[in-house]
Amino acid sequence: PDQPSDKWNKRIAYYFDETIGSYNYANPHPMKPHRVAMTDTLVRSYEIDKKMNHFDRDYVNTYIRAVNEKILTNFHSDEYIELIQKVHPNNKHFYEDQLYRFNFGEDCPVLDRLYDYCLTYAAGSVAGANLLANQKVDIALNWSGGLHHAKQSEASGFCYINDCVLAILELLKPFIQRVLYIDIDIHHGDGVEEYLTDRVMTSSFHKYKIFPGTGHLDDIGTQQGKFHAVNFPLNEGLDDQSICLYYKPVLQKIMDTFRPEAVVLQCGADSLSGDRLGCFNLSIKGHGECATFMKSFGVPIILLGGGGYTLRNVPRCWVYETSVVVNEELQDQMPQNEFLHYFGPEYKLHMPISNMENQNSKRYLEEVINKIKINLNNISP
Ligand code: TV7
Ligand code: CA
Ligand code: ZN
């Protein structure tokens, strides 16, 4: 069927599939897909959905033939995908050996309707990238994506399918020569960094020496990917000012040297102050600075979700970043919505940061940024 030609008139594609909130990692697992449904509810209560073109999995299935089971094996191995397709909580004892081999376990349990879950979040990233690549829109959003730890043949850190890599692959298909991946989740984007070439640059800041343990400053990529991994390892207490003074200049330098033609921005919200798993001290505005800054270059960009474990703060963060994208200021007082009780007693969009000490000294941050800049001088686009 033909789609109306003005389907993408708003130039911003927003992915949300209603089923996403129904997938469950089972308590007490910290990952809650419900936070994406809460985000959508906030987006609609602030009425900024009106400034975007919404699409869901039905749209993806109807219009983008490329997004089907086969796309998953662009990055992942056939046998790994076959297992994800077959395995259920009721039959998992038949697949014990394979589940062990592919790293299923407490972090990555066999969810009910696992394959559906994977397709649901990955479809948004691939289809969003496809819309950017075909110049139908300038910006795409998928808050259910950003599962950056998944490997070619391995589940890892709550992630099964690496939708970030699949989005990058979709962007590289047409005329786009170079894609930049930026990762502001508190964890290192290790699964994406595995996919480096001279056409893909990855940059992650992260708390160093927590899961997954990779992302050292001297980890700069190998072979054709050499100098294409930019890692900014950090200590706890990272604050907004450090982002502005030390991470934005890194992004600026990357834009100047690598000159990407498309950007994938993973917006993991576990780098916010007060996160249940994280230990940084960013406000929602500080976190959103990365989206604001990257949008300002006018390069096609897809924003993805990621981590975020203090349930009430994740929707705050992502609705704010949605507002940045659509260029609309939001009132701090939250409008009436079905999840308002999560945001009490303040019922405010923004939340205070903590008084924790920033254990990243000026001297340390300067040392890191200088090393990164020296490495980036080796890039010749
Ligand atoms: C992108 N930290 C994902 C971040 C993935 C972090 C980990 C947990 C955790 C898992 C649970 C659970 C937990 C309170 C926290 C070495 C281990 C230690 C499992 C208990 N509670 C993202 C992955 C990280 C699972 N994993 O970047 C079930 O915390 O540190 C580890 C590995 C072995 C496995 N055990 C934890 O944000 C989306 N997991 C409760 C129940
Ligand atoms: Ca990161
Ligand atoms: Zn994380």
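This text goes with the structure placed above it.
Bear in mind the structure is a predicted one, so any value in this text is a computation, not a measurement. (Residues numbered from 1 in each chain as written. Chains lettered and ligands numbered in written order. Predicted model: local features only at pLDDT ≥ 70, side-chain atom pairs only at ≥ 80, totals over all residues. Heavy atoms only, no water.)

Points about the overall build of the protein
Consideration 1: Within the protein, the regular secondary structure consists of 12 helices and 8 strands.
Consideration 2: On the principal axes, the C-alpha backbone points of the protein span a range of 55 × 50 × 45 Å.
Consideration 3: Residue burial in the protein is summarised as follows: out of 381 residues, 60% are buried.
Consideration 4: In the protein, the share of contacts with a sequence separation of at least 24, taken over all contacts with a separation of at least 6, comes to 78%.
Consideration 5: Here the protein has roughly 16000 Å² of accessible surface; of this, 46% comes from carbon and sulfur atoms.
Consideration 6: Where the 36 positive side-chain charges of the protein centre and where its 48 negative ones centre are 4 Å apart. (Helix = DSSP H or I, 4+ residues; strand = E, 2+ residues; numbered from the N terminus. Buried < 20%, exposed > 50% of the residue type's maximum accessible area, 1.4 Å probe, protein only. Contact = heavy atoms within 4.5 Å. Areas by Shrake-Rupley, 256 points an atom, 1.4 Å probe, with all protein chains shown as cover. Lys, Arg positive; Asp, Glu negative; His and termini not counted. Charge placed at Lys NZ, Arg CZ, Asp CG, Glu CD.)

Considerations on the packing of aromatic side chains
Consideration 1: Under the definition given, this model contains 20 aromatic pairs.
Consideration 2: A ring pair is formed by Phe55 and Tyr59, whose centres lie 5.8 Å apart and whose planes are at 75°; its orientation type is edge-to-face.
Consideration 3: In this structure an aromatic cluster arises from ring pairing among Tyr23, Tyr25, Tyr80, Phe102, Phe104, Tyr117, Tyr121 and Tyr160.
Consideration 4: Sitting over the ring of Trp8, Lys7 keeps its end group 5.0 Å from the ring centre. (Phe/Tyr/Trp six-rings, centres within 6.5 Å; stacked < 30°, edge-to-face > 60°. Lys NZ or Arg CZ within 6 Å of the ring centre and 35° of its normal.)

So, the coordination of the zinc ion (ligand 3)
Consideration 1: Distances from the zinc ion (ligand 3) to its protein donors, Asp185 (OD), His187 (ND1) and Asp270 (OD), fall within 1.9 to 2.0 Å.
Consideration 2: Between consecutive donors of the zinc ion (ligand 3), the numbers of intervening residues give the motif D-x1-H-x82-D. A single burial state applies to Asp185 and to His187, both of which are buried. (Donors = N, O, S within 2.8 Å, 3.2 Å for Na, K, Ca; no water.)

A closer look at the coordination of the calcium ion (ligand 2)
Consideration 1: Protein coordination at the calcium ion (ligand 2): the donors are Asp183 (O), Asp183 (OD), Asp185 (O), His187 (O), Ser204 (OG) and Phe205 (O), at 2.5 to 2.9 Å from the metal.
Consideration 2: Mapping the donors of the calcium ion (ligand 2) onto the primary sequence yields the spacing D-x1-D-x1-H-x16-S-F. Accessibility classification places Asp183 together with Asp185 in one group, the buried group.

Concerning the pattern of salt bridges
Consideration 1: According to the stated counting rule, one finds 11 salt bridges in the structure shown.
Consideration 2: For Arg101, the salt bridge identified is with Glu79, shortest N-O distance 3.6 Å. Highlighted residues: Arg101 in helix H5 (residues 96-101) and Glu79 in helix H4 (residues 78-86), separated in sequence by 22 residues.
Consideration 3: Note that Glu289 is salt-bridged to Lys248, the shortest N-O span being 2.6 Å. With Glu289 in helix H10 (residues 284-295) and Lys248 in helix H9 (residues 240-257), this residue pair connects regions lying 41 residues apart in the sequence.
Consideration 4: Taking the relative accessible area as the measure of exposure, Glu289 reaches 25% and is therefore partly exposed.
Consideration 5: The buried category is assigned to Lys248, whose relative accessible area is 17%. (Salt bridge = Lys/Arg side-chain N within 4 Å of Asp/Glu carboxyl O.)

As for the site of ligand 1
Consideration 1: Residues in contact with ligand 1 amount to 19 residues; listed here are only the nearest, Asp107, His148, His149, Asp270 and Tyr309.
Consideration 2: In the model, an oxygen atom of ligand 1 is placed 3.1 Å from a nitrogen or oxygen of the His187 side chain.
Consideration 3: In the environment of ligand 1, an oxygen atom lies 3.0 Å from a nitrogen or oxygen atom belonging to the side chain of Asp270.
Consideration 4: Relative to its unbound accessible area of 810 Å², ligand 1 is 68% covered by the protein chains.
Consideration 5: Broken down by class, the residue content of the shell around ligand 1 amounts to 8 nonpolar, 7 polar and 4 charged. (Near = heavy atom within 4 Å. Polar contact = N/O pair within 3.5 Å; in protein donor to acceptor, adjacent residues only side chain to side chain. Nonpolar A, V, L, I, M, F, W, Y, C, P; charged D, E, K, R; others polar.)

Considering the pairing of strand E4 (residues 179-183)
Consideration 1: With respect to burial, E4 is a largely interior element, 5 of its 5 residues being buried.
Consideration 2: Taking every second residue as pointing to the same face, both faces of E4 are buried, with Val179, Tyr181 and Asp183 on one and Leu180 and Ile182 on the other.
Consideration 3: Where E4 meets strand E5 (residues 200-207), 5 bridges bridge the pair, whose relative direction is parallel. Counted as the bridge partner of Ile182 is Ser203 from E5.
Consideration 4: Sheet topology note: the E4/strand E7 (residues 262-266) ladder contains 5 bridges and is parallel. Residue pairing for E7: Leu180 is matched across the bridge by Val263. (Pairing = 2+ DSSP bridges.)

Brief notes about the nonpolar core
Consideration 1: Counting 138 residues, the largest nonpolar core has Phe104, Tyr160, Phe205, Phe232 and Leu303 as the members making the most contacts within it.
Consideration 2: Counting residues per element, this core draws most heavily on helix H6 (residues 114-133), which supplies 14 residues.
Consideration 3: Leaving out residues up to four positions away in the same chain, Phe232 has contacts with Ser204, Phe205, His206, Tyr246, Tyr247, Val250, Leu365, Val368 and Ile372. (Core = buried A, V, L, I, M, F, W, Y, C linked by side-chain atoms within 4.5 Å.)

Considering H6
Consideration 1: Between its first and last C-alpha atoms H6 spans 28 Å; for 20 residues at 1.5 Å apiece the expected length is 28 Å, and the two agree.
Consideration 2: The largest bend along H6 reaches roughly 25° and is located at Ala122.
Consideration 3: Burial analysis of H6 places 19 of its 20 residues in the buried class, which makes it a mostly covered element. (Expected span 1.5 Å × (residues − 1). Bend = angle between axes of the 7 residues up to and from the residue.)

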